[in-house]
Amino acid sequence: MSDTSDRTSLTAPSPLPVTDRPQSRWSWLHNSIQLMKPVTWFAPTWAFMCGAIASGAVGWNESIGRLLLGMFMAGPILCGLSQVVNDYADREVDAINEPHRLIPSGQVSLRHVYILTAVLTWIGTSIALFLGREVAFFVALGLLFALAYSLRPIRGKRNGWIGNALVAISYEGLAWMAGHAAFAPLTGESVTIALLYSLGAHGIMTVNDFKSMKGDTLMGIRSIPVQYGKVMAARMVVITMGVAQIAVIGLLYHWGHPVAATVVFLLLAAQSIPNARFIRDPEHNEVFFNATAIMLYVWGMLAAAIGLAA
C-alpha cells in the first residue's frame with residue numbers, strides 16, 4: 001500500500017484528464033502492471049511462503065503447485081489490487097503532486113481502473129476459495145484493511161499508527177496465517193509468530209515516511225516521523241523491530257527450537273550496525289537500511305518458520 005498521497009501544496013485540485021483512447025492489449029497489460037507496483041509484492045509473497053513452511057506440510061510434491069498459487073495470490077493479485085485501490089483513492093491529490101502518474105496524467109482511464117479492480121478481486125477471491133475457507137477469510141479481512149487504509153471515511157494512511165498497522169497486519173500477519181491455513185490447521189505458535197512479525201513490520205512501514213516529512217506536515221498527515229521527529233521516529237523503528245525479534249527468539253527457545261532461535265538471534269545481532277547508521281541519519285540511509293537490516297529481518301522470518309515446522 002503505497003503511502004504517497006495527500007503530500008502536496010494547498011492548491012485546489014485541477015480536473016482529472018479523461019482519456020478514452022483505445023489501448024492495445026499489450027499497452028493495457030503494461031499499464032495494469034505498473035498500477036499494481038511489482039516492487040511491493042515481495043512482502044506478502046514472502047510472508048505467505050513462511051506461513052506455509054511453518055505449517056510443516058509443504059514438501060517436494062503436489063503441494064509446491066499449491067504454494068506457488070498461494071504466493072501468486074498474495075503478491076501480484078491481492079497486493080497489486082491494494083495498490084490499484086490506493087492510486088485510485090489518491091487520484092485527485094496526485095493530479096497536483098505527481099501529475100505524471102498513470103491516472104492523473106490520463107494514461108489510464110477510470111474505466112480501466114474499475115475493470116482491473118474487478119478482475120483482480122475475482123481472481124484473488126477465486127484462488128482463496130480454492131485454497132480453503134480459512135484462507136478466504138484472511139483474504140476478505142485483508143481486502144477490508146486495504147479499503148480502510150486508502151478510502152474515506154477511514155483513510156487510515158492519514159495517521160502513522162493506524163495506517164502502518166493496517167499494512168503490517170495485512171502484508172505480514174494475514175499473509176502468514178493464510179499460508180499456514182492453506183496447508184494445515186493454524187496453531188497458536190504460528191499465529192503468535194505471525195503477529196510478532198506484524199509488530200516489527202509496523203516499524204518497517206515508517207522507513208519510507210522520512211523523505212516526505214515536509215509534505216506530510218503541510219497536508220496534516222500524522223506519520224510517525226511527523227509526530228515524533230526524525231531521531232525519535234528512527235529509534236522507534238529500530239526498537240519495534242528489535243522487540244518483535246527478541247520475543248520471537250524467546251518463544252522459539254521456550255517451544256524447543258533452539259537452532260531456529262539462535263539463527264534469528266544472529267540475524268538480529270547483525271542488524272546493529274545498520275540500525276546505528278539509520279538512527280544517525282534516517283532520511284539519507286533509508287536505502288541502506290532496507291538492503292541490510294530489513295533484509296536480515298525477513299530472513300529471520302524464514303528461520304522462524306523452519307523452526308516451527310521442525
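Residues numbered from 1 in each chain as written. Predicted model: local features only at pLDDT ≥ 70, side-chain atom pairs only at ≥ 80, totals over all residues. Heavy atoms only, no water.

Novice: Looking at this structure, how should I read the environment of asparagine 164?
Specialist: Relative to the helices and strands, asparagine 164 is located in helix 7 (residues 160-181). Residue asparagine 164 is classed as buried on the basis of its relative accessible area, which comes to 5%. Discounting residues that sit within four places of it in the chain, asparagine 164 has contacts with Asn159, His202, Met205, Thr206, Asp209 and Ile224. (Helix = DSSP H or I, 4+ residues; strand = E, 2+ residues; numbered from the N terminus. Buried < 20%, exposed > 50% of the residue type's maximum accessible area, 1.4 Å probe, protein only. Contact = heavy atoms within 4.5 Å.)

Novice: I keep staring at the pattern of salt bridges and nothing clicks. Help me out?
Specialist: Side-chain pairs of opposite charge can arise whenever the charged atoms involved come near each other. The final tally for this structure, using the stated rule, is 3 salt bridges. Notably, a salt bridge pairs aspartate 87 with arginine 101, separated by 2.9 Å at the nearest N-O pair. Of this pair, aspartate 87 sits in helix 3 (residues 63-89) while arginine 101 sits in the loop between helix 4 (91-97) and helix 5 (110-131), placing them 14 residues apart in sequence. Salt bridges here are not isolated pairs; linked through shared partners, they connect Lys37, Asp87 and Arg101. (Salt bridge = Lys/Arg side-chain N within 4 Å of Asp/Glu carboxyl O.)

Novice: What should I look at first to understand the packing of helix 2 (residues 42-54) against helix 7 in this one?
Specialist: When two helices pack together, you describe them by how their axes are tilted relative to each other and by the distance separating the axes. Axis separation between helix 2 and helix 7 bottoms out at 6 Å; the angle between their running directions is 40 degrees. Accordingly, the angle class assigned to the pair helix 2 and helix 7 is oblique. Of the two elements, helix 2 crosses helix 7, and the hand of that crossing is right-handed. Of the residues in helix 7, those in contact with Ala43, Pro44, Ala47, Phe48, Cys50, Gly51, Ala52 and Ala54 of helix 2 are Tyr171, Glu172, Ala175, Trp176, Ala178, Gly179 and His180. The class makeup of the residues in the contact of helix 2 with helix 7 is 11 nonpolar, 3 polar and 1 charged. (Axes fitted to C-alpha atoms, helices over the stretch in contact; angles between N-to-C directions. Parallel < 35°, antiparallel > 145°, perpendicular 65-115°, else oblique. Left-handed = near helix turned anticlockwise from the far one by under 90°. Nonpolar A, V, L, I, M, F, W, Y, C, P; charged D, E, K, R; others polar.)

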